[in-house]
Structures are given as structure tokens and as C-alpha cells.
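Architecture and fold: a report
The residues making up each chain are set out below.
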Amino acid sequence: MAATSLFQKLALLILPENCYDEFFVKFNFLDVPCLKTAISKSLGAIIIVGSVIVKLPQILKIIQAKSGEGISMVSIMFEMAAISATWSYSVGNSFPFSAWGEAFFLAFQTTLIGALCLHFNGKSLVAAVFVATYSAIMFVLLSGAVPLEFLALLQSMNIGLVIISRMTQAYSNYSNGNTGQLSLITFTLLFLGAVARIFTSIQETGGDPLIVATYCTSTMCNGILVSQIVYYGRKSKKD
């Protein structure tokens, strides 16, 4: 009985109660709405767990090299703006954590990457101000004091922010003829996560067009960066 109770509690972390009943009381594993919900919730949980460490390879690469060579601070700042817009808009709309939880971890890790790049460039004080300023901005955006209309405006700008963020980095790679300290593992995981988020966003946000369009754009842009990392990596080996 204890094992059954534990299983039920764990299952209900992902499944709504009606779907738990369909699957494990009625043994109806072909209920389409519940299957979609189960897949969406499971993918969301996997994405959030993965996001805790998705940028760790990038962070370790910077620390080991003691350099942020090849990483565009402009790209980082636009990426932070895009992540923050999705985070604050999702919280403002009371979307479930499984629909946006990775934004919290991505924001933390991206901020750390920016601070490390500044630090290793001899700008430790600027790095501290950078972190403090971003923290203050997010405190305000998440406080509930900002009108939902303004948060929606930020989210509507997100597609442009994602494009600018990724294409700035892509242009920097092209200009340098290499991808510097960019991590293939990190950007491959970001690409796969964005692909999965298209489906989960349709399911968990009621198909919110701003959220879905953002992840479609993110998938495309991350794919370009992954292609560059692979291309320049092979080119450097040949040279």
C-alpha cells in the first residue's frame, strides 16, 4: 500500500487526477487528451531538469580557459532579455511551472556566463554591477507591480530579441572564422529543448502564439549556431 501511495503521489506530479484515473484505475492508456498531457508534462519536466545543467559545459569551458573568447556580450545581453521576457510573461499569466521553469535556470546560468566573460576580461567591478542590475530588474518584473499588458509587449518583442541574440553570435563566429569557447554540448541541448518546447507550449499555454512563435524562432537560430560550431570545429581539425 505504501508503494502504491508513493507511486500515486509521484504520478500526480505529472498527471492531473482525471488522467491518473484513466491510466491506472480504468487502465485506459489510449485516452488521447491524457496522452498529450502526459507527454507534454514529462517533456516539460525533462527540459527543466536538463536546464539546471544545460550551460554547465559552457561555464566550465570559460573557467578552464580563463577566457570568454568568441562569446559576444551583446548576444548574451539580448539572450538574457529574451529569457527574462518569457519568464516574467509566463509568471504574469500564471502558466504552470512546467511550461516555463527552465527560464529561471537559464537566466541564472546566462548571467553567470556574462559575469565570467567580464571578469576574465579584467572587468570584475562591471561584472558585479551587471549581476546586481539584472537581479533588480527581474525583482521588479516578477513582483506583480508591472501591468500584464507591458509584460505581453516584452514577450511580443521576444522573437526579435532571440534573432538578434543568436545572429549577433553567428556573425561574430563568421567574422572570427571560429566559434571560440562556444560549447557544442550546450547549444545542441538548447536546440533540442527549443524543439520540445514547441509541443509543450501548445499543450500547456493553450497554444499562446507569442510563446510558440518564440520557441520556433529559437529552434531555428540555435540550429544555425550548432551548425557553425560543427563546421568550424571540423575546419580547425583539417587546418
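Report follows, based on the coordinates. (Residues numbered from 1 in each chain as written. Predicted model: local features only at pLDDT ≥ 70, side-chain atom pairs only at ≥ 80, totals over all residues. Heavy atoms only, no water.)

Moving on: the packing of helix H5 (residues 73–92) against helix H10 (residues 158–176). Two elements in contact, H5 and H10, have axes separated by 8 Å at closest approach and are oriented at 155°. If you check the angle between H5 and H10, you find them roughly antiparallel. Seen along the crossing, H5 lies across H10 with a hand that is left-handed. Counting all contacts with H5, which are made through Val74, Ser75, Phe78, Glu79, Ala81, Ala82, Ala85 and Thr86, the residues of H10 involved are Asn158, Leu161, Val162, Ile164, Ser165, Arg166, Thr168 and Gln169. A breakdown of the residues in the contact of H5 with H10 according to their chemical character gives eight nonpolar, six polar and two charged. (Axes fitted to C-alpha atoms, helices over the stretch in contact; angles between N-to-C directions. Helix = DSSP H or I, 4+ residues; strand = E, 2+ residues; numbered from the N terminus. Parallel < 35°, antiparallel > 145°, perpendicular 65-115°, else oblique. Left-handed = near helix turned anticlockwise from the far one by under 90°. Contact = heavy atoms within 4.5 Å. Nonpolar A, V, L, I, M, F, W, Y, C, P; charged D, E, K, R; others polar.)

Glancing now at empty space enclosed by the protein. Enumeration according to the criterion identifies one cavity of 30 Å³ or more in this entry. In this structure, the largest cavity occupies an estimated 120 Å³ of space. Along its surface, the largest cavity is lined by 15 residues, and Lys55, Ile71, Ile76, Glu79 and Phe187 are the ones closest to its centre. Elements that contribute at least two residues to the lining of the largest cavity include exactly H5, helix H7 (102–120), H10 and helix H11 (184–204). Looking at the lining of the largest cavity residue by residue, the class counts come to six nonpolar, six polar and three charged. (1 Å grid on protein atoms, 1.4 Å probe; cavity = no way out; pocket = protein on both sides within 12 Å on 5 of 7 lines; lining within 4 Å. Points joined across faces, edges and corners; volume = space filled by probe spheres on them.)

A few words on the pattern of salt bridges. Taken as a whole and assessed by the stated rule, the structure comprises four salt bridges. Lys26 is paired through a salt bridge with Glu22; the nearest N and O atoms lie 3.3 Å apart. A relative accessible area of 55% means that Lys26 is categorised as exposed. One salt bridge in this structure joins Glu79 and Arg166, with 3.1 Å as the shortest N-O distance. Of this pair, Glu79 sits in helix H5 while Arg166 sits in helix H10, and the two are 87 residues apart along the sequence. One network of salt bridges, in which partners are shared, links Lys55, Glu79 and Arg166. (Salt bridge = Lys/Arg side-chain N within 4 Å of Asp/Glu carboxyl O. Buried < 20%, exposed > 50% of the residue type's maximum accessible area, 1.4 Å probe, protein only.)

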